[in-house]
Amino acid sequence: MELKIKNLNKTYSNGVQALKDVTLNIPQGMFGLLGPNGAGKSSLMRTLATLQQADSGSAMLDDLDILKEKAEVRKILGYLPQEFGVYPKVSAYNMLNHIASLKGISNKAERKDLVESLLHKTNLWHVRNKSLGTYSGGMKQRFGIAQALIGDPKLIIVDEPTAGLDPAERNRFHNLLCEIGENTIVILSTHIVDDISNLCNNMAIICLGEVVVKGNPNDLTDGVKGRIWTKAIEKEELVNYQSDLQVISTYLKAGKTVIHVLSDNQPDASFEATAADLEDVYFAEITSRMDTTLV
Ligand code: ADP
């Protein structure tokens, strides 16, 4: 199974071009779509989830035309949107049972088996009879995945799933996604670099509506290997470094400002070489396009 997106374009009525000739081949497994806020990730996710129209281009899941055969797509799609509202007074068990019957699983015994297995899979069995309004952020996200898995989807889209989760909840959510990714295509859209480096074999970085790089996270990291230099500076000196060098990121360490610079050669003896990671790839791509250093 493969999802082939070709030359996808979308301009909103206010003139914002959210997708510019987006072309991606997405194989089975976990695929990470990484980009800053406003990059166009949700626009792409909503288009693939048949919730909005593209202006031009195509998206094919094997022989299935995602942009045209919407009713068919909905049968094989699991979607966890960025804002996932729940009915606060309904229990997880009853809600899943209800959604399953809406999705056409009419046999009561079959529905019971499905709901129970999803509650176990998402580790919500012990709270199955509690109302959804009492759930923590992580529990709500796992419930979101449970409902997205009804109907045995072939394509699963999760938009910014770990925002607002604590580290333990995030970890549990990652493990769950990994399990699911073994037999389906899972597209994970996020601005959190670690989510992608931990989970995805394939990824793309999107910025201002355009795909700027795509590939395997390790290969992309190898691409900046030996070209990332670091130095601790005073905060006031930052502008000087920015004018002379390609400062891709800054962060605070023990009260000092530490900069990462992208350069083929050591800028001067005061800089140290540092092991590159996916965050360096991301910042190198984004800062050169957005003309800003991300902190
Ligand atoms: P991301 O998910 O990466 O944050 P979005 O796809 O939400 O990015 O947004 C991409 C761009 O399109 C942004 O500039 C955003 O303001 C704009 N945008 C998103 N949705 C709409 C809409 N319904 N109408 C007009 N502009 C929109």
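Read on for an overview of the structure. Computed from a predicted model, the values in this text were never measured in an experiment.

Remarks on the pairing of strand β11 (residues 228–233)
For step 1, the next point in the chain: Of all six residues in β11, five are buried; the element is thus mostly enclosed.
For step 2, the next point in the chain: Direction of pairing for β11 relative to strand β13 (residues 256–262): antiparallel, over a ladder of six bridges. Along β13, the bridge assignment pairs Thr-230 with His-260.
For step 3, the next point in the chain: The sheet contact formed by β11 and strand β14 (residues 272–273) spans two bridges and is antiparallel. Across the sheet, residue Thr-230 finds its bridge partner in β14, namely Glu-272.

Structural notes on the sheet that holds strand β1 (residues 2–11)
Working definition: the strands of a sheet are paired by backbone hydrogen bonds and lie parallel or antiparallel to each other.
For step 1, the next point in the chain: Pairing within the open sheet is antiparallel, and its four strands lie in the order β2-β1-β4-β5. Every other strand in the sheet has two partners, leaving β2 (17–27) and β5 (64–65) as the edge strands with one partner each.
For step 2, the next point in the chain: Pairing between β1 and strand β4 (residues 56–61): five bridges, direction antiparallel. Along β4, the bridge assignment pairs Leu-3 with Leu-61.
For step 3, the next point in the chain: Set on the sheet, helix α1 (residues 41–48) makes contact with β1, β2 and β4; between it and β2 the angle comes to about 60 degrees.

Some details on the site of the ligand
For step 1, the next point in the chain: Near the ligand there are 13 residues, and of these Gly-38, Gly-40, Lys-41, Ser-42 and Ser-43 occur at the shortest range.
For step 2, the next point in the chain: Between the ligand and Lys-41, the relevant distance is 2.9 Å, taken from an oxygen atom to a side-chain nitrogen or oxygen of the residue.
For step 3, the next point in the chain: The contact in question runs from an oxygen atom of the ligand to an N or O atom on the backbone of Ser-42, over 2.8 Å.
For step 4, the next point in the chain: When the ligand sits alone it has 560 Å² of accessible area, and the protein chains cover 65% of it.
For step 5, the next point in the chain: Counting residues per element, the shell around the ligand draws most heavily on α1, at four residues.

Conventions we followed
- For every chain, the first residue of the written sequence is number 1, and numbering continues from 1 onward in sequence order.
- Under the rules for a predicted model, residues below a pLDDT of 70 receive no local features and side-chain atom pairs below 80 are neither given nor counted, while totals for whole chains, interfaces and linings still include all residues.
- Neither water nor hydrogens contribute to the side-chain values; these are computed over all heavy atoms in the structure.
- A simple rule labels every residue: compare its accessible area, found with a 1.4 Å probe on the protein chains alone, to the largest value its type can have, and call it buried under 20%, exposed over 50%, or partly exposed in between.
- By the criteria applied, helices consist of DSSP H or I runs no shorter than four residues and strands consist of E runs no shorter than two, each listed in order from the N terminus.
- One requirement defines pairing of two strands: DSSP has to find at least two bridges between them.
- We call two residues in contact whenever any of their non-hydrogen atoms come within 4.5 Å of each other.
- The convention used is that axes are lines fitted to C-alpha atoms, helices contributing only their stretch in contact, and that angles between N-to-C directions extend from 0 to 180 degrees.
- Only heavy atoms are used to decide nearness, and a residue is near a molecule or strand if one of them lies within 4 Å of it.
- Side-chain atoms alone can form a polar contact between residues adjacent in sequence; in general such a contact is a pair of N or O atoms within 3.5 Å, and within protein one must be able to donate a hydrogen while the other accepts it.
- Throughout, the Shrake-Rupley method with a 1.4 Å probe supplies accessible areas, and for residues the shown protein chains are the sole cover considered.

Any link to function would need more than the numbers given here.
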